[in-house]
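Overview (structure and organization)
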Amino acid sequence: MTHLHTHSNAHHHDNTQILLMSFAIIMLFMLVEYVGGYLTHSLALIADAGHMLNDSLGLAIALLALTWVKKWARHLAVVNGLSLLSVAIFVLFEAWQRWQSPSEINSLPMLAIALSGLVANGVVAKIMLAANHNNINIRAAYLHVLVDIAGSVVAIVAGLCAYFWGWQWVDTLASTVLSVLILRSGWGITRNALRELQEQRVPQTD
């Protein structure tokens, strides 16, 4: 029994360390992408930064659920999913505004930032593979990171199109595609968390 308890505590500590390290990396590159998106006029980078902000929120929620507020873990997962949906709607609105009033992006710096974001997300994804994915909030945080990898790839494609062919509109299209990915991710997290809450409320019968 003591061995099992010690093993459980060690696993809990490992999960906490993994989430803290991932949180620090995501927050750093979220700031890099947001400032970079603003300076290069890239909506795709700003959209990806918005999703990275949600990554950090998801990681913070997972940390809270592991430590001080375990009984609210599923409720926090719902908040996590809803925050994703909010970001997706915001990005769609910004994309619509950009279609109506296009602005030229600075493609080369945008590419460099998007590539660094891809590397950062890849590192975080690898780190989080060691966490306990049976935990809904850790699973949700990991899903955030996977979607953000796709977002970095989309931003890179947009930057390449702008740099080689001058297709500025691809940045707006890329941000729209990214917002759809975020919507799908957010809806999946919210639906699963609500389902688990419903199952939790149903009384068990023999």
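In this text, all values refer to a predicted model and were calculated from it rather than measured experimentally. (Residues numbered from 1 in each chain as written. Predicted model: local features only at pLDDT ≥ 70, side-chain atom pairs only at ≥ 80, totals over all residues. Heavy atoms only, no water.)

Time to look at the UniProt feature "transmembrane region" (unreviewed entry) in the protein. Here the UniProt-annotated "transmembrane region" (unreviewed entry) positions come out as residues 18-39, 51-69, 76-96, 108-129 and 141-166. Structurally, residues 108-129 comprises 95% helix and 0% strand, and the distance from its first C-alpha atom to its last is 32 Å. (UniProt positions renumbered as here; feature names shortened; annotations may be inferred. Helix = DSSP H or I, 4+ residues; strand = E, 2+ residues; numbered from the N terminus.)

This part is about helix 4 (residues 107-128). Spanning 22 residues, helix 4 covers 31 Å between terminal C-alpha atoms, matching the ideal 32 Å at 1.5 Å per step. For helix 4, the complete set of buried residues consists of S107, M110, L111, I113, A114, G117, A120, N121, V124, A125, I127 and M128. (Expected span 1.5 Å × (residues − 1). Buried < 20%, exposed > 50% of the residue type's maximum accessible area, 1.4 Å probe, protein only.)

This brings us to the layout of surface pockets. Of the pockets and cavities examined, the largest pocket occupies roughly 190 Å³. If you go around the largest pocket, the residues you meet are G37, Y38, H41, L43, I46, F90, E94, Q97, R98 and S103. Breaking the lining of the largest pocket down by element, the ones donating at least two residues are helix 1 (2-40), helix 2 (43-66) and helix 3 (73-100). Among the elements that take part in the lining of the largest pocket, helix 3 stands out by supplying four residues, more than any other. (1 Å grid on protein atoms, 1.4 Å probe; cavity = no way out; pocket = protein on both sides within 12 Å on 5 of 7 lines; lining within 4 Å. Points joined across faces, edges and corners; volume = space filled by probe spheres on them.)

A few words now on the side chain of S22. Counting through the fold element by element, S22 comes out in helix 1. For S22, a relative accessible area of 0% translates into the label buried. When residues no more than four places from it in sequence are discounted, the contact partners of S22 are L59, V124, I127 and M128. (Contact = heavy atoms within 4.5 Å.)

It is worth spelling out the packing of aromatic side chains at this point. According to the stated counting rule, one finds four aromatic pairs in the structure shown. Ring centres 5.1 Å apart and planes at 85° place the aromatic pair Y163 and F164 in the edge-to-face group. Chaining the aromatic ring pairs together yields one cluster made of Y163, F164, W165, W167 and W169. (Phe/Tyr/Trp six-rings, centres within 6.5 Å; stacked < 30°, edge-to-face > 60°.)

To continue, consider the side chain of S175. Within the fold, S175 resides in helix 6 (residues 169-201). Polar contacts involving the side chain of S175 include one to the main-chain carbonyl oxygen of T172, which spans 2.7 Å. (Polar contact = N/O pair within 3.5 Å; in protein donor to acceptor, adjacent residues only side chain to side chain.)

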